[in-house]
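Read off the chains here:
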Amino acid sequence: MTAEQPSTTNYQLFSDYHTHPQGHRVQPYTQALLQPWVDSARKMALSEIVFTDHDRYHAGISFDAIDRLREGNLDLRIRAGIELDNDPIRSAAGRKWIEQHWNKLDFVLGSVHFLDRADQMFDTVPAGAEQFEGKDIDAIYADYFRRVREIAASGLVDCLAHVDLIKIHGHRPSAEIDAIVSETLDFIRSRDLAIELSTAGWRKPVNELYPSDRIIELAMEKGVAFTTASDAHSHVQLAENFARLAEKMSIFGIREVCVFEKHRRELRAVSPGVAEAPPFL
Ligand SMILES: [Zn+2]
Ligand SMILES: [Zn+2]
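The numbers attached to residues start from 1 for each chain and follow its sequence in the written order. Chains and ligands are labelled by the order in which they are written, letters from A for the one and numbers from 1 for the other. Totals for whole chains, interfaces and linings use all residues, but because this is a predicted model, local features are given only for residues with pLDDT of at least 70 and pairs of side-chain atoms are given and counted only at 80 or more. Only hydrogens and water are removed before side-chain values are computed, so all heavy atoms of the structure are retained for them.

## Points about the overall build of the protein chain
A run of H or I in DSSP counts as a helix once it spans at least four residues, and a run of E counts as a strand once it spans at least two, with each numbered from the N terminus. If you tally the helices and strands in the protein chain, you get 7 helices and 9 strands. Only the C-alpha atoms count toward the radius of gyration. The rule for a globule is 2.2 Å times the residue count to the power 0.38. In terms of overall dimensions, the protein chain is globule-like: its C-alpha atoms have a radius of gyration of 18 Å, near the 19 Å expected for 281 residues. Expressed as lengths along the three principal axes of its C-alpha atoms, the size of the protein chain is roughly 50 × 40 × 40 Å. Counting every position in the protein chain, which comprises 281 residues, the buried fraction comes to 54%. Think of it in three bands: with a 1.4 Å probe and only protein chains considered, a residue is buried below 20% of the maximum accessible area for its type, exposed above 50%, and partly exposed in between.

Below is the structure:
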């Protein structure tokens, strides 16, 4: 355990699979932009990070800059990624860019940030909450998870980000949504995709990990693999609340997370005592 990532468990989380070096505007990848993220990773006792800027800022991504960063920081695994949104206007270009650069990317997140309105992400805080006013919350949930299945079906993602983001403002369905969630997780499993455990939910109005305990249970039953993620929009948010996440994972008995290299997934132990995968025969 390090001072930066204290935990009452013997877990050591080592990977942050959701980060935004560009924040919320195009900022071309340079060593000056990226190095603070690497320094932060080291400080937080991480050994692996992925850059996953929103697809609408793909113009800022430079694989050459990532290569140079790798060369200067050989002790860390630095992965190239992107977050594919369901932006009805801008994500068409993002999808095309991902197709063109698929072989250079290690990892693609799939995210649902848009419902019926094309002009506003529903997860804008606090403004996005107006999209829920006077609406049937159960219907919104059903519609949201339908969109999650749609992006999972795109064939362009390795992992679903914040899979129950729809709860962000604290709206809860009245009906039992197990069936919809279960069907969605079955679909994710059938596509062999992972989902993330994201601490970002703890800094939002809902103040709850993404996803909920019930979804974690269902995902475990179905054998869906997890990544660990902070959704940091600044390097100071990297690995935020990972000690708290480690405790949660120890309660659930989640002892492995997955990592990706060129979209190829591998499981890695986050707690001692997990047998290493048998050698390839
Ligand atoms: Zn997102
Ligand atoms: Zn994000």
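## Let's talk about the side chain of His 20
Mapped onto the fold, His 20 is located in the loop between β1 (15-16) and α1 (31-43). Polar contacts, as used here, are pairs of N or O atoms within 3.5 Å; protein pairs need one atom able to donate a hydrogen and one able to accept it. Residues neighboring in sequence count only if both atoms are side-chain atoms. A distance of 3.0 Å separates polar atoms of two side chains, one belonging to His 20 and the other to Asp 231. Here a residue-residue contact requires only that any non-hydrogen atoms of the pair lie within 4.5 Å. Excluding residues within four positions of it along the chain, His 20 makes contact with Trp 37, Thr 52, Asp 53, His 54, Glu 83, Asp 231, Ala 232 and His 233.

## Topic: the pattern of salt bridges
Salt bridges are defined as contacts in which a side-chain nitrogen from Lys or Arg sits within 4 Å of a carboxyl oxygen from Asp or Glu. Applying the stated criterion across every chain, the model contains 28 salt bridges. Of the charged contacts, one joins Asp 106 and Arg 70 as a salt bridge, the two residues approaching to 3.1 Å between their closest N and O atoms. Here the residue Asp 106 occupies a position in the loop between α3 (91-101) and β4 (107-110), and Arg 70 occupies one in helix α2 (residues 63-72), the gap between them amounting to 36 residues. A relative accessible area of 2% means that Asp 106 is categorised as buried. Its salt-bridge partner being Arg 146, residue Asp 143 comes within 2.8 Å of it at the nearest N-O pair. A residue pair is termed a helical-turn pair when its members lie 3 or 4 positions apart in one helix, as Asp 143 and Arg 146 do in helix α4 (residues 137-152) at 3 residues. The class for Arg 146 is partly exposed, based on a relative accessible area of 35%. Through salt bridges with shared partners, one network takes in Asp 116, Asp 143, Arg 146, Arg 147 and Glu 150.

Such coordinate-based values are descriptive only and should not be taken to indicate function.
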